[in-house]
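Report on the structure
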Amino acid sequence: MSARYIILLVSVAAAAGCATNPAQRQQAVSNAAPLSPEAAVTLNALADASLPSSSCGMILWTLDQNRPAPIFRYVAGKSAEIVIGGKPLELARTEGTGAAGFGVFERQTFAGPDGLTVKVESRFSLGFDGGSYLERGLVSVESPDGWRAVSPAAGIAGCRN
């Protein structure tokens, strides 16, 4: 990826919103006994935000302490990954609508363990060799008991050789 596209991606992610430091969130989660209902829908940064070789998919970032933090990864034809309440989760895509490319739809719904639902919306933007930027994204997490968190996001969809 050229420096110009990285700067564009950081700028898009910077316009997306802000959150707290993942280390602070992780510390707060590990100090707490049981997860509060709010923590059950709190997004944390992914440990690995790259697509595996020879795969297509998407990665979404949000701002965390004025720096982009990866919060969602979907490998087309496989599963999605997200960290909620400090716990990494695998999600299965249950629905995809809207424009599509690279195995990704503009509107997607994912199911997680214990009835968790994650909805991801974004718009395809500028293309680059092997992919496209995603803008105006939202990641909505809803627990089975009705708690919901919504985070602005920006990212990329594409294929990795």
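This text follows the structure it describes.
Residues numbered from 1 in each chain as written. Predicted model: local features only at pLDDT ≥ 70, side-chain atom pairs only at ≥ 80, totals over all residues. Heavy atoms only, no water.

Quick word on the overall build of the protein
Looking only at helices and strands, one finds 2 helices and 9 strands in the protein. Reading the protein from its N end, one meets helices and strands in the order α-α-β-β-β-β-β-β-β-β-β. When each of the 161 residues of the protein is scored for burial, the buried share is 39%. In the protein, the proportion of contacts linking residues at least 24 apart, taken out of those at least 6 apart, comes to 51%. Total accessible area on the protein stands at roughly 8,400 Å², and carbon and sulfur atoms take up 54% of it. (Helix = DSSP H or I, 4+ residues; strand = E, 2+ residues; numbered from the N terminus. Buried < 20%, exposed > 50% of the residue type's maximum accessible area, 1.4 Å probe, protein only. Contact = heavy atoms within 4.5 Å. Areas by Shrake-Rupley, 256 points an atom, 1.4 Å probe, with all protein chains shown as cover.)

Quick notes on the nonpolar core
Counting 22 residues, the largest nonpolar core has Met58, Phe72, Ile82, Val118, Val139 and Val141 as the members making the most contacts within it. Where this core is concerned, the elements lending two or more residues are β2 (55-64), β3 (67-75), β4 (80-84), β5 (87-101), β6 (104-111), β7 (117-128), β8 (131-142) and β9 (148-160). Excluding anything up to four places from it in sequence, valine 118 contacts Phe72, Ile82, Leu91, Gln108, Thr109, Phe110, Val139, Ser140 and Val141. (Core = buried A, V, L, I, M, F, W, Y, C linked by side-chain atoms within 4.5 Å.)

What about the environment of leucine 63?
Tracing the chain through its elements places leucine 63 in strand β2. With 91 residues separating them along the chain, leucine 63 and alanine 154 place their C-alpha atoms 9.4 Å apart.

Focus on the state of the cysteines
Taken as a whole and assessed by the stated rule, the structure comprises 1 disulfide. Here cysteine 56 engages in a disulfide with cysteine 159; their sulfurs sit 1.9 Å apart. For the disulfide bridge between cysteine 56 and cysteine 159, the dihedral angle about the S-S bond is near 100°, and by the sign convention the bridge is right-handed. Taken as a pair, cysteine 56 in strand β2 and cysteine 159 in strand β9 lie far apart in primary sequence, 103 residues in all. (Disulfide = S-S within 2.5 Å.)

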